[in-house]
Amino acid sequence: MQGRTKVKSQAMSRFEIVAREDFSDVTYLLEFHHPLMAKAARPGQFVIVMSHEHGERIPLTIADFDREKGTITLVIQAVGKTTREMQQTCQVGTTLYGVVGPMGDPSHTSGAKKVVCVGGGLGVAPIYPQARAFKEAGAYVIGIVGFRTRDLVFWEDKFRACCDEFIVCTDDGSAGIKGLITDGIKLAIAKHPDIGELVAIGPPIMMKACAALTQPHNIKTVVSLNPIMVDGTGMCGGCRVKIGGQVKFACVDGPDFDGHQVDFDDLMARLRRFKAEEKTALERWSESCRMKNEIETASLTQQSPAYSPDNLSVEPSALPDPFEEVKGG
């Protein structure tokens, strides 16, 4: 009886994935059911996810939440072993083993009358609830997002619904303006000298560039930091960042901080600290998948000699580094 109760409790603790969308070869959306979390979630917060019982705990910023549907939306980029594994295994109808959150201090919607919300690369997703919150608070919202090319653009309709002005930047000029996301910010500043605040989410090098651009104009600049995290409660100290010469913990003091006070060079150095180990973990996982697929291929080939195994092969690919500079996001 106790065994049955335990199994039932474990099953009930898992969170069903109710929607999935693939934006590119490495970027995908997962929407999972969690009514209590959806009710409590606020812009700027994050969750810690375990995809299976023996999985790694990874922090992911909340990209959207729907209180009526009781769902949380995450947009994930396959940059390492765990996110690559989730890309393969997390499908509609499957479940996440564990989700903790919402965590972090929610973003504070200031009284600024005119706000610029900037999202570069994967930062496009979590900047959306910020833009929506500012619009709901009565601010004039200018949205600026950056992608490498038109094929990677997503959520354009969602942004246009909550932004008074919307600028898309792409490397190749296939959508919006051609250039870096900072080029979009320069256009906004030139047109609106009365901007009260800028919020930026994206690779550290991008947020650093945003802060450097706004500082001479005395524009309040808030950035969202996502350093290495372990427990998400401030106990491990892994997410420490330097803000104005003081040590802060992104999981409990952030993730939002004054962009003009962040030591971005220290942040980027810490983010690369375990790069070798992360590469090794990805290679081991890729090799394990390859061996598994070879066994499956052999079995299927025996059953059907004409069977083509091309779609089962798992080859390690060059994954994007989220900490490198991304032109146009």
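Everything discussed here concerns the structure shown above.
Novice: Can you tell me about the overall build of the protein, naming the residues and giving the values?
Specialist: Helix and strand content of the protein: ten helices and 17 strands. When each of the 329 residues of the protein is scored for burial, the buried share is 48%.

Novice: Quick rundown of the sheet that holds strand E8 (residues 98-103)? Include the residues and the values.
Specialist: Strand order across the open sheet formed by three strands is E4-E3-E8, with antiparallel pairing between neighbours. Looking at which strands have only one partner, the edges of the open sheet turn out to be strand E4 (58-61) and E8. Strand-to-strand twist in this sheet, taken as the mean axis angle between neighbours without regard to direction, amounts to 25°. Sheet analysis places strand E3 (residues 46-50) next to E4, joined by four bridges and oriented antiparallel.

Novice: Outline the sheet that holds strand E7 (residues 95-96), listing residues and values.
Specialist: Within the open sheet, the five strands sit side by side as E5-E6-E2-E1-E7. Their pairing is antiparallel. Two strands close off the open sheet at either side, each with one partner strand: strand E5 (64-66) and E7. Where strand E1 (residues 15-22) lies against strand E2 (residues 27-33), five bridges are found, and the strand directions are antiparallel. Each bridged residue has a counterpart across the sheet, and for Ile-17 the counterpart in E2 is Phe-32.

Novice: Go over the nonpolar core, please, and point to the residues and values.
Specialist: Counting 34 residues, the largest nonpolar core has Val-118, Ile-144, Ile-185, Leu-198, Ala-200, Leu-225 and Phe-264 as its most contacted members. For this core, the leading source of residues is helix H7 (residues 204-214), giving five residues. What Val-118 contacts, discounting residues up to four positions off in sequence, is Ile-127, Ile-144, Ile-181, Ile-185, Leu-198, Val-199, Ala-200, Ile-201, Met-206 and Cys-210. The next biggest cluster of nonpolar side chains, apart from the first, holds 29 residues, and it includes Val-75, Cys-117, Ala-139 and Cys-163.

Novice: Any chance you could break down the pattern of salt bridges for me, citing the residues and the numbers?
Specialist: One pass over the structure, following the stated rule, counts eleven salt bridges. Close ionic contact of Asp-164 with Lys-135 constitutes a salt bridge, the shortest N to O distance being 2.8 Å. In this pair, Asp-164 is assigned in the loop between helix H5 (156-162) and strand E11 (165-170) and Lys-135 in helix H4 (residues 124-136), connecting sequence segments 29 residues apart. In this structure Asp-164 comes out as partly exposed when scored by relative accessible area, which is 34%.

Novice: Break down unusual backbone geometry for me, citing the residues and quoting the values.
Specialist: Cis peptide bonds are those with omega within 30 degrees of zero, and the linkage from Gly-101 to Pro-102 qualifies with 0°. Summarising the element assignment, Pro-102 is placed in strand E8. Notably, Asn-218 is not glycine yet its phi reads approximately 55°, a positive angle. Its location among the elements puts Asn-218 in the loop between H7 and strand E14 (220-224).

Novice: Tell me about the packing of aromatic side chains, and name the residues and values.
Specialist: Any pair of aromatic rings gets described here by the distance separating the centres and the angle formed by the planes. For the structure shown, the criterion picks out six aromatic pairs. Summarising the aromatic geometry, the rings of Phe-159 and Phe-166 are spaced 5.4 Å apart at their centres and angled 15° between planes, so their arrangement reads as stacked. Under the relative-accessibility criterion, Phe-166 is labelled buried at 14%. The ring of Phe-65 has Arg-132 lying over it, and the distance from NZ or CZ to the ring centre is 5.2 Å. A cation over an aromatic ring shows up here: Lys-158 above the ring of Trp-155, its NZ or CZ 4.7 Å from the ring centre.

Cut-offs applied
Residues numbered from 1 in each chain as written. Predicted model: local features only at pLDDT ≥ 70, side-chain atom pairs only at ≥ 80, totals over all residues. Heavy atoms only, no water. Helix = DSSP H or I, 4+ residues; strand = E, 2+ residues; numbered from the N terminus. Buried < 20%, exposed > 50% of the residue type's maximum accessible area, 1.4 Å probe, protein only. Pairing = 2+ DSSP bridges. Axes fitted to C-alpha atoms, helices over the stretch in contact; angles between N-to-C directions. Core = buried A, V, L, I, M, F, W, Y, C linked by side-chain atoms within 4.5 Å. Contact = heavy atoms within 4.5 Å. Salt bridge = Lys/Arg side-chain N within 4 Å of Asp/Glu carboxyl O. Phe/Tyr/Trp six-rings, centres within 6.5 Å; stacked < 30°, edge-to-face > 60°. Lys NZ or Arg CZ within 6 Å of the ring centre and 35° of its normal.

These figures capture arrangement, not role.
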